[in-house]
Amino acid sequence: MMQKWYVVRAKPRSENLAATHLARQGFRVFLPQYATTVKHAGRTTQVHRPLFPGYLFVGFDRETARWRSILGTIGVLDLIRNGDHPVSVPENVVEGLIAEGGENGLIQRAEDVLRPGSTVRITEGPFALFVGRLLSLNDKERTTVLLSVMNREIEVLLPRESIEATP
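Below is a summary of the structure that appears in this document. (Residues numbered from 1 in each chain as written. Predicted model: local features only at pLDDT ≥ 70, side-chain atom pairs only at ≥ 80, totals over all residues. Heavy atoms only, no water.)

A count of helical and extended segments in the protein gives two helices and 13 strands. The C-alpha radius of gyration of the protein comes to 21 Å, more than 25% above the 15 Å expected for a compact globule of 167 residues. Expressed along its principal axes, the backbone C-alpha trace of the protein runs to roughly 65 × 40 × 25 Å. Of the contacts formed within the protein by residues at least 6 apart in sequence, a portion of 55% connects residues at least 24 apart. Accessible area for the protein stands at about 10,500 Å²; split by element, carbon and sulfur atoms hold 50% of it. Separation between the mean location of the 21 positive side-chain charges and that of the 18 negative ones in the protein comes to 6 Å. (Helix = DSSP H or I, 4+ residues; strand = E, 2+ residues; numbered from the N terminus. Rg over C-alpha atoms; globule rule 2.2 N^0.38 Å. Contact = heavy atoms within 4.5 Å. Areas by Shrake-Rupley, 256 points an atom, 1.4 Å probe, with all protein chains shown as cover. Lys, Arg positive; Asp, Glu negative; His and termini not counted. Charge placed at Lys NZ, Arg CZ, Asp CG, Glu CD.)

In structure tokens, the structure reads:
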């Protein structure tokens, strides 16, 4: 049998710790992450956060690997299982993520592509399906979008999750 990818559920905010200890045991580990900017105590820094908080991927051959050792690994809560057997991730899912982010796992999220001046589509609320121009993004996950409504341009303040980039 060949190596497949499985999902490990990590303890809260312990994805990196789990990944380190799993790698030390010889498992192939993939922790997809994204870069974000954080402001704290007046300083702005860029940090990497898990793309899937609380989860990471581990590759092994279920027939030959000593996979039960994963369950006792520091930072690990459990493997996603069906009964007593780990459930593998569908083929090419993890490979696709690796191809997009490389072995370091740094993935560019769709919302990271949003920049002032980008064309965006509103996905929910009273302006759903309207297309406008993104004017600004602020720290509180809010956006300002310029819409053309009834031959007038208006600025609308929206939650960041209610807009998407248009191709």
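Having seen the model, we can carry on.
Where charged atoms from two side chains of opposite charge approach closely, those side chains can pair. The full count for this structure, using the stated rule, is four salt bridges. Across the salt bridge formed by R81 and D78, the nearest N and O atoms sit 2.9 Å from each other. Where D84 meets R81, a salt bridge forms, and the shortest distance between an N and an O atom there is 3.8 Å. By relative accessible area, R81 is classed as partly exposed at 30%. One salt-bridge network, held together by shared partners, links R68, D78, R81 and D84. (Salt bridge = Lys/Arg side-chain N within 4 Å of Asp/Glu carboxyl O. Buried < 20%, exposed > 50% of the residue type's maximum accessible area, 1.4 Å probe, protein only.)

Now for the nonpolar core. Grouped together as the largest cluster of nonpolar side chains are 16 residues, with contacts concentrated most on V8, L22, L56, V58 and I70. Taken together, the elements giving at least two residues each to this core come down to β1 (4-10), α1 (15-24), β5 (55-60) and β6 (76-79). (Core = buried A, V, L, I, M, F, W, Y, C linked by side-chain atoms within 4.5 Å.)

Read across the sheet, five strands follow the order β12-β11-β10-β9-β13 without closing on themselves; strand pairing throughout is antiparallel. Both outer strands of the open sheet, β12 (152-159) and β13 (163-165), are each paired with one neighbouring strand and no more. Neighbour-to-neighbour, the strand axes of this sheet turn through a mean angle of 45°, independent of strand direction. In this sheet, β13 lies alongside strand β9 (residues 119-122) in antiparallel orientation, the contact comprising three bridges. Across the sheet, the residue bridging to V120 is A165, located in β13. (Pairing = 2+ DSSP bridges. Axes fitted to C-alpha atoms, helices over the stretch in contact; angles between N-to-C directions.)

Moving on, we get to the packing of aromatic side chains. Applying the stated criterion across every chain, the model contains five aromatic pairs. Their ring planes at 75° and their centres at 5.9 Å tell us that F27 and F60 sit as a pair that is edge-to-face. Of this pair, F27 sits in the loop between α1 and β2 (28-30) while F60 sits in strand β5, placing them 33 residues apart in sequence. When the ring of F52 is compared with that of F57, the centres are 6.1 Å apart and the planes differ by 90°; the resulting orientation is edge-to-face. With a relative accessible area of 8%, F57 lands in the buried category. Through a chain of ring-to-ring contacts, the aromatic side chains of Y6, F27 and F60 assemble into a single cluster. (Phe/Tyr/Trp six-rings, centres within 6.5 Å; stacked < 30°, edge-to-face > 60°.)

Moving on, we get to α1. Every buried residue belonging to α1 is among E15, A18, A19, H21 and L22, and all of these are buried. Close packing links the buried residues of α1 with β1, β2, β4 (43-50), β5 and β6. Directly after α1, the chain includes G26, whose backbone phi takes a positive value near 95°.

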